[in-house]
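Listed here are the chains, written in short residue letters.
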Amino acid sequence: LGALVNIVRPGGGGASVGLVPIYTDNFDAGSGWYEHNGDAATLGYDAGRYRISISGSQQQAISDSSFRGSTDGTSYTHLGDVSINVSAMSASESGLFGVTCRQSSGAASYYEGLVGHDGTVRIARYSDHRLRPLAQTRGPELNRETFTRLRLDCIGTGGPTRLRLYVDNRQVADATDEDGLAKGSIGVSLATGSADRAEVLFDDLVVFGHRADRL
């Protein structure tokens, strides 16, 4: 937990933002993250990992850090500059999976960084009931039998926000939102897109940020 991440702030003239680990979770505790079991979606702990599965096309599920009964009693709902790192493995051939940042209450707005097995890469902003892609490209095809390490940097508050998405330490997408979203929670996400179903497992989450934002 002594690591420190330096990330260049957009428009900062080379100034860096020093981020430290503020939250880690290997999903062994079985406490805090949203759990639900229904016909359309299932979210919950599964043998030391966190599983999301969805049925139906054009559907999305997000579980965020506004924790419910977390073991340390802390919720992380006021995070600005963050670097979210998580391992993910899809249990289906379809769907896009990844992480979110700056999520407001009720998921009324957020940024997302998602990837797919076929190499699909997307950074997008959701607000005003609309998903607006900020960057769409092709990255490496993913192995369904191994975990992929994902990282999303969300840097810059009170102005432009720069978002960078990494797959196994390789940057695959970069976008800047000139009208950046306010501070919020982080989360893990799965979207089916045009597929009828999708499923993903998450493990070994580490969130870098500012200590003051934990409160």
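See the structure above.
About the cut-offs
- Residues numbered from 1 in each chain as written.
- Predicted model: local features only at pLDDT ≥ 70, side-chain atom pairs only at ≥ 80, totals over all residues.
- Heavy atoms only, no water.
- Helix = DSSP H or I, 4+ residues; strand = E, 2+ residues; numbered from the N terminus.
- Contact = heavy atoms within 4.5 Å.
- Polar contact = N/O pair within 3.5 Å; in protein donor to acceptor, adjacent residues only side chain to side chain.
- Core = buried A, V, L, I, M, F, W, Y, C linked by side-chain atoms within 4.5 Å.
- Buried < 20%, exposed > 50% of the residue type's maximum accessible area, 1.4 Å probe, protein only.
- Salt bridge = Lys/Arg side-chain N within 4 Å of Asp/Glu carboxyl O.

Asker: Would you explain the environment of Ser 90 in this entry?
Answerer: Structurally, the position occupied by Ser 90 is in strand β7 (residues 82-90). Here the alpha-carbon distance between Ser 90 and Leu 190, two residues 100 residues apart in the chain, equals 9.5 Å. Each residue touching Ser 90, except ones within four places of it in the same chain, is listed here: Phe 97, His 117, Arg 144, Glu 199 and Val 200. Of note is the side chain of Ser 90, whose polar atom sits 3.3 Å from the side chain of His 117. A distance of 3.2 Å separates the side chain of Ser 90 from the backbone oxygen of Glu 199, its partner in a polar contact.

Asker: I tried to follow the nonpolar core on my own but got confused; where do I start?
Answerer: The nonpolar side chains of a soluble globular protein tend to be buried with one another. Of all hydrophobic cores here, the largest spans 46 residues; its most connected members are Trp 33, Ile 52 and Phe 202. Broken down by element, the residue count for this core peaks at five residues, all from strand β16 (residues 197-209). If we ignore the near neighbours within four places in the chain, the residues touching Phe 202 are Phe 27, Arg 49, Tyr 50, Ile 52, Val 86, Ser 87, Ala 88, Phe 97, Gly 98, Val 188 and Ser 189. Of all hydrophobic cores here, the second largest spans five residues; its members include Ile 7, Val 17, Leu 19 and Phe 208.

Asker: When you look at the pattern of salt bridges in this model, what are you seeing that I'm missing?
Answerer: Here the structure, examined in full by the defined rule, presents 14 salt bridges. Here Asp 174 ties to Arg 162 by a salt bridge, and the two come within 2.5 Å at their closest N and O atoms. Separated by twelve residues along the polypeptide, Asp 174 in strand β14 (residues 170-177) and Arg 162 in strand β13 (residues 161-167) bring together distant segments of the chain. Residue Asp 174 is classed as partly exposed on the basis of its relative accessible area of 30%. For Arg 164, the salt bridge is made with Asp 174, and the minimal N-O distance between the two is 3.5 Å. Highlighted residues: Arg 164 in strand β13 and Asp 174 in strand β14, separated in sequence by ten residues. Taken together, the shared-partner salt bridges connect Asp 46, Arg 51, Arg 197 and Glu 199 into one network.

No statement about biological role is implied by the geometric values presented.
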